[in-house]
Amino acid sequence: MCVAGSAEQKGKRAVDLGGGSLSRGEVAGNYREYAAFFDKPQQIAAKDKVPKLVDTFYNLVTDIYEWGWGQSFHFSPAVPGVGHREETQLHEKYVADLLELGPGQRVLDAGCGVGGPMRTIAAHSGSNVVGITINDYQVARARSHNSKAGLSKLCEVICGDFLHMPFGDDSFDAAYSIEATCHAPQLRDVYAEIYRVLKPGKLYVSYEWVTTCKYQAQDPEHVKIIHEIEHGNALPGLRSYKQVVEIAKEVGFEVLEDRDLALPPAHPWWTRLKMGRLAYYRNHVVIALLSFLGIAPQGVFEVHEMLFKTAMYLTRGGETGIFSPMHLLVCRKPLDGGDAATAATAAVASS
Ligand SMILES: C=C(CC[C@@H](C)[C@H]1CC[C@H]2C3=CC[C@H]4[C@H](C)[C@@H](O)CC[C@]4(C)[C@H]3CC[C@]12C)C(C)C
Ligand SMILES: C[S@@+](CC[C@H](N)C(=O)[O-])C[C@H]1O[C@@H](n2cnc3c(N)ncnc32)[C@H](O)[C@@H]1O
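Keep in mind the model is a prediction, meaning the values are calculated, not measured.

Thresholds applied
Residues numbered from 1 in each chain as written. Chains lettered and ligands numbered in written order. Predicted model: local features only at pLDDT ≥ 70, side-chain atom pairs only at ≥ 80, totals over all residues. Heavy atoms only, no water. Near = heavy atom within 4 Å. Polar contact = N/O pair within 3.5 Å; in protein donor to acceptor, adjacent residues only side chain to side chain. Nonpolar A, V, L, I, M, F, W, Y, C, P; charged D, E, K, R; others polar. Helix = DSSP H or I, 4+ residues; strand = E, 2+ residues; numbered from the N terminus. Buried < 20%, exposed > 50% of the residue type's maximum accessible area, 1.4 Å probe, protein only. Lys, Arg positive; Asp, Glu negative; His and termini not counted. Salt bridge = Lys/Arg side-chain N within 4 Å of Asp/Glu carboxyl O. Areas by Shrake-Rupley, 256 points an atom, 1.4 Å probe, with all protein chains shown as cover.

Asks: So what about the site of ligand 2? Which residues, and what values?
Replies: Inspection of the region around ligand 2 gives 19 residues, with Phe 73, Gly 111, Thr 133, Gln 138 and Phe 162 positioned closest. Between ligand 2 and Thr 133, the relevant distance is 2.8 Å, taken from an oxygen atom to a side-chain nitrogen or oxygen of the residue. Among the residues forming the shell around ligand 2, the class breakdown is 9 nonpolar, 8 polar and 2 charged.

So, in structure tokens, the structure goes:
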């Protein structure tokens, strides 16, 4: 049976799909718990439960993401005549270039996944990247990929919560987050934490998931699309493009640039997702078969079904223009960190 190939990029094999750090028997129950969370709006309001929910989500989806997407868990603008891998790397190198990274600098990757972006950025710039992710399965995967890529010296990965990072004040020369801070129950908490660990005068770049100016809260179709995107991606509530900028300023950052990289002349980021539909049907059949044979744990099929559905809503979000996964923020921690730090502390206290 030929089920070893990945849908779009070689790496994880279908026969190895599992539930991350969960045992085989835990996958179905964890998926049910995950799904139930989104059926009860009061739970989404219980912000302290979100990091655990996000950890569960990544136990459930990390293998499928690697199998069907690759080692970078984010979108990229399409580039005509260029393959997905290169499109992805271009989007990652842009972060390194905006941060003006070079050898010897210590850079934070807040929400690093299995480290696709950190490897591109370290190899491109020669800087030392320290990644943090809440999911210990991703830490193991990232370390293994770093070692295979010969980048263990430049790339370090730790398991932890980006809302409470185990790093000293003013200890990084730069910081970035790629499609990760959207998981924070309060955006200002993660921004304030990144602000704290960044040296004065240094830059933070983020690709944010946001609703755009086209989103109408009174349009039921818009509301449905955004709710389904939140459900399929472990999001406690998407923020608008305006809110992310306001929050960055509130914690003390100077916002040097904020721009939606999805807007024309950029080519649609959702092309890859939409074009992959046939492959996803095939994947669904493969997973059904592996589940029937007892090779894939019970529950993986349901997780795949959820992702299938979320791919459709993400595409709708892109096509309607109400959602962007790549609102760029370039922020600087002011040199006179004193006043700004006070603002950051006050912002956290009031959140
Ligand atoms: C930033 C986040 C994740 C963004 C993307 C990397 C993922 C969002 C939706 C995912 C996928 C949807 C469909 C899957 C398909 C059914 C399966 O057969 C193969 C994997 C998918 C293509 C999967 C891959 C990753 C995504 C595109 C969020 C979580 C904040
Ligand atoms: C969509 S993935 C993006 C990963 C990576 N930036 C990339 O582009 O490949 C989001 C990442 O954010 C991490 N994350 C979410 N909430 C977190 C938290 N509270 N603390 C640390 N990491 C978190 C997840 O574990 C995951 O690694």
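Asks: For the side chain of Glu 208, give the residues involved together with the corresponding values.
Replies: Assignment of secondary structure puts Glu 208 in strand β5 (residues 198-211). Of the side chains with opposite charge, Arg 239 comes closest to the buried, unpaired Glu 208, at an N-O distance of 5.9 Å. Polar contacts involving the side chain of Glu 208 include one to the side chain of Ser 206, which spans 2.7 Å.

Asks: Can you lay out the site of ligand 1 for me, pointing to particular residues and giving the numbers?
Replies: The full set close to ligand 1 counts 23 residues, and Tyr 58, Glu 179, Trp 209, Asn 283 and His 304 are the nearest of them. At 2.6 Å, a side-chain N or O of His 304 approaches an oxygen atom of ligand 1. The protein chains hide 100% of the 630 Å² of surface that ligand 1 would expose on its own. Only α3 (50-68), α11 (277-292) and α12 (300-320) provide two or more residues apiece to the shell around ligand 1. Ranked by residues supplied to the shell around ligand 1, first place goes to α12 with 6 residues. The residue inventory of the shell around ligand 1, partitioned by class, reads 15 nonpolar, 7 polar and 1 charged.

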